[in-house]
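# Observations on chain architecture
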Amino acid sequence: MKTKSLNLRKSIMGKIILTTFSLAAVSPVLADTNGEIDQLKKELASQKELIQQLLNNQKAMQESYTLPKVSVEPPINNPSKIVTFYGLADVGVQNTNSGQGSKWSMGTGGWLAPRFGVSVDKPITPDLKAVAVAEAGVQYSTGSAGTSSVIPGINHSSPSSTAATSTGNQLFGRQIYAGLSSKTFGSLTVGRQYSGTFALGGMTNALAFSGYGYSGGIMGANGWPARVNSSMLYTSPTLNGFTGQAMISTGSENNTNGDVFISADSKLKSNDKAGRGIDLEVHYIKGPLLVGASTWNFYNTTYAPGETGLAKKTGVQVGGAYDFGVVKLYGNYVSGNIKGSNYENVSKAFSSTSAYSLSAMLPLGKHKFYISYTDFNDESKLNMDAKLYGIAYTYQAEETIKYYVALGRMQNGRNASFSLPDGGSLVGNVLTTGKGVNGIMAGVAMGF
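The structure contained in this document is the topic of the report that follows.

Rules behind the numbers
- Residues numbered from 1 in each chain as written.
- Predicted model: local features only at pLDDT ≥ 70, side-chain atom pairs only at ≥ 80, totals over all residues.
- Heavy atoms only, no water.
- Helix = DSSP H or I, 4+ residues; strand = E, 2+ residues; numbered from the N terminus.
- Buried < 20%, exposed > 50% of the residue type's maximum accessible area, 1.4 Å probe, protein only.
- Areas by Shrake-Rupley, 256 points an atom, 1.4 Å probe, with all protein chains shown as cover.
- Contact = heavy atoms within 4.5 Å.
- Polar contact = N/O pair within 3.5 Å; in protein donor to acceptor, adjacent residues only side chain to side chain.
- Phe/Tyr/Trp six-rings, centres within 6.5 Å; stacked < 30°, edge-to-face > 60°.
- Lys NZ or Arg CZ within 6 Å of the ring centre and 35° of its normal.
- Lys, Arg positive; Asp, Glu negative; His and termini not counted.
- Salt bridge = Lys/Arg side-chain N within 4 Å of Asp/Glu carboxyl O.
- Pairing = 2+ DSSP bridges.
- Patch = residues over 30% accessible without salt bridge, like charges linked within 9 Å, V, L, I, M, F, W, Y side chains within 5 Å.

### With respect to the overall build of the protein chain
In terms of regular secondary structure, the protein chain is built from four helices and 21 strands. Taking all 448 residues of the protein chain together, 38% fall into the buried category. Here the protein chain has roughly 23,900 Å² of accessible surface; of this, 61% comes from carbon and sulfur atoms.

In C-alpha cells form, the structure reads like this:
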C-alpha cells in the first residue's frame, strides 16, 4: 500500500512539472491574442482541478488503510516439554605407580568424569516448572556406560569417587531425579541425587573434583554422603546470598521384620533402616566470599558379626573461599564418625576421623594453575592416616574445551592404603600399607 502511494505521488509531480514546462514554452507565442490567453487559463484551471482530484483520492486511500496489529506477547515455547541432551568427554594419558611399578595407560576421566545425560524442563506456570535429569557415567577407554566395568588386574578393581559408580544394571548411576522447581519457593526433587555435603566439598577446594589431589579423594572416607539413593532434596531460593539444602533418604528400601542376612552365603546382616538418613547444607556467596557448612546422619547399610546392629555415620563440615582477583584461596575442615552398635570395636575402620584441606587457584587469562594439600587423620584404632598433594594446570582453549596437566601424590601412613583418585577414571588399588602413590596425567576435556 505504501509503494502504491509513493508511485501516485511521483505521477502527480510528473504531470505538474510537464504541464508547467509546456505552458512556459508556448506562452510567448500564445500571448498575442486575448482568445488564446483565455484558452490558456481554461487549460490551467482544468489541470488544477485534475491535480486536486488526484490528491483527494490519495488522501482517501491513506485514511482507509489500517495498520496491522502488533503482538506484545512473547513467543510461546513448546507447551509440553523442553529436552536438553548434554555430555562431557575426557580422554588423555596417565602414568601411575600404586606400589607395583610404573604403568602408562590411555585414560578417560582424568580431569572430569565423562558422562552423558538428558534434562527436562516443562513449564507449568511462569514461576513453576517440572524438572527431571537422568545422567549416566561412561568410560571412553572401554565403552562401558553406567557400570564400573573394571579392566581385569590384580590391583585395578575399583572406580574413583566421581566415576561411573553404578553396579549391575544401574544405568544412570551418576544421578537421576524428578520434581518441581520455582524461583520463588525453591525446588523439590526425588531420586538418586548429590548431597549438599558432597557439593560443598567441591565448592571449597580449588581442584573441586578434578585431576589428582582434590580433597574429596580421601575426606569421603569418614562416611560423608555423596550420591544418595531414594532421596528427597529441597533446595531453597537464594535470599541475600544464602542458599540451603535439606535431604532425607528412606535408604535401601529393605522390607524386613527385624535383622536378616543380606544373602544366603553372607555373614553380614541388615534391616529396614539401612541407608536411611538426612543431610543438611547451607552456604553464603556474596562478591568474592564463599562460606558454608553441612552435617549428615545416616545408618550404615550392613553390620558384621560381633556388632549388635547398624552403626551410624555422622559428621560436620565447614569451608570457604575468597577471591582476591590475582589468586583464589580455599579451605575446608571435616569431622566424621562411624559409631554405634559396637562398630568401633569390631569393624573399626574410620570410626573417628578429621581432615582439612588448603588449596589455591591462580588465574592468568585462559591459563589456570592449581595447588592443593589435604591432611586426613584417622583417630580410630586402625590409625589409617594419609596426606594428599596435587598440582595442576589448565588451558581454556574454547568455552567448552579444556586442556590439562596434573600431578599428584598420596602419602599413606604406615597403616593406610589409599589409592590416588582422579577426576573419574578407574585407578589402581594399593595392595601394601604405607606405600606412597604417584601419578601424572595430560589430556583434554570437552563439554557438549
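Continuing now.
### Focus on the environment of Arg409
Along the chain, the position of Arg409 falls in strand β19 (residues 401–412). Arg409 gets classed as partly exposed once you look at its relative accessible area, which sits at 28%. Residues in contact with Arg409, not counting those within four places in the same chain, are Lys387, Leu388, Tyr389, Leu420, Gly436, Val437 and Asn438. Polar contacts involving the side chain of Arg409 include one to the side chain of Gln411, which spans 2.6 Å. A distance of 2.6 Å separates the side chain of Arg409 from the side chain of Asn438, its partner in a polar contact.

### As for the packing of aromatic side chains
Per the stated rule, a full pass over the model turns up 14 aromatic pairs. Taken together through their ring pairs, the aromatic side chains of Tyr194, Phe198, Phe209 and Tyr214 make up a single cluster. Sitting over the ring of Phe261, Lys269 keeps its end group 5.0 Å from the ring centre. In this structure, Lys312 is placed above the aromatic ring of Tyr299, and the distance from its NZ or CZ to the ring centre is 4.8 Å.

### Some points on the side chain of Arg192
Relative to the helices and strands, Arg192 is located in strand β7 (residues 186–194). Here Arg192 is buried and forms no salt bridge, its nearest opposite-charge partner Glu135 lying at an N-O distance of 9.4 Å. For Arg192, the side chain forms a polar contact with the main-chain oxygen of Gly173, separated by 2.5 Å. A distance of 2.7 Å separates the side chain of Arg192 from the side chain of Asn229, its partner in a polar contact.

### Remarks on helix α3 (residues 196–203)
With respect to burial, α3 is a largely interior element, six of its eight residues being buried. The set of residues buried in α3 consists of Gly196, Thr197, Phe198, Leu200, Gly201 and Gly202. Each element contacted by the buried residues of α3 is listed here: β7, β9 (242–249), β12 (277–286), β13 (289–299), β14 (312–323) and β15 (328–339).

### Focus: the side chain of Ser372
Tracing the backbone through its elements, the reader meets Ser372 in strand β17 (residues 367–378). Judged by its relative accessible area of 3%, Ser372 is buried. One polar contact links Ser372 to Asn205, side chain to side chain, over a distance of 3.1 Å. Polar side-chain contacts of Ser372 include one of 3.3 Å to the backbone oxygen of Gly213. Excluding residues within four positions of it along the chain, Ser372 makes contact with Asn205, Leu207, Gly213, Leu358, Ser359, Leu388, Tyr389 and Gly390.

### A word on the environment of Glu344
For Glu344, the location among the structural elements is in the loop between β15 and β16 (352–364). Distance in space between the C-alpha atoms of Glu344 and Lys381 is 8.0 Å, their sequence separation being 37 residues. A polar contact is formed between the side chain of Glu344 and the backbone nitrogen of Gly340, at a distance of 3.1 Å.

### What about unusual backbone geometry?
In the Ramachandran plot, Ser341 falls in the positive-phi region, its phi being about 60° despite a non-glycine side chain. Residue placement: Ser341 occurs in the loop between β15 and β16. Positive phi values are uncommon outside glycine, yet Asn383 reaches one of about 50°. You can see Asn383 is positioned in the loop between β17 and β18 (386–398). For Asn383, a relative accessible area of 32% puts it in the partly exposed group.

### Examining the pattern of salt bridges
Any two side chains of opposite charge can pair if their charged atoms end up close together. Per the stated rule, a full pass over the model turns up three salt bridges. For Lys129, the salt bridge goes to Asp121, with nearest N and O atoms at 3.2 Å. Relative accessible area serves as the criterion here: at 32%, Lys129 is assigned to the partly exposed category. The salt bridge partner of Glu135 is Arg174, with a shortest N-O separation of 2.7 Å. Of this pair, Glu135 sits in strand β4 (residues 128–137) while Arg174 sits in the loop between β5 (158–159) and β6 (175–182), and the two are 39 residues apart along the sequence. Each of the two residues, Glu135 as well as Arg174, counts as buried.

### Some points on the pairing of strand β21 (residues 437–447)
Strand direction decides the pairing type here: strand β1 (residues 82–97) and β21, joined by 10 bridges, are antiparallel. Bridge pairing in β21 places Thr96 opposite Gly439. Bridging between β19 and β21 involves 10 bridges; their strand directions are antiparallel. In the strand pairing of β21, Met410 is matched with Val437.

### Things to note about a nonpolar patch on the surface
Together, Val93, Trp104, Met106, Ile371, Ile391, Val405, Leu407 and Ile440 line one region of the surface with nonpolar side chains, adding up to about 740 Å² of accessible area. Elements supplying a minimum of two residues to the nonpolar patch: β2 (102–108) and β19. With respect to the helices, strands and loops of the structure, Ile440 is situated in strand β21. Note on Ile440: relative accessible area 35%, which makes it partly exposed.

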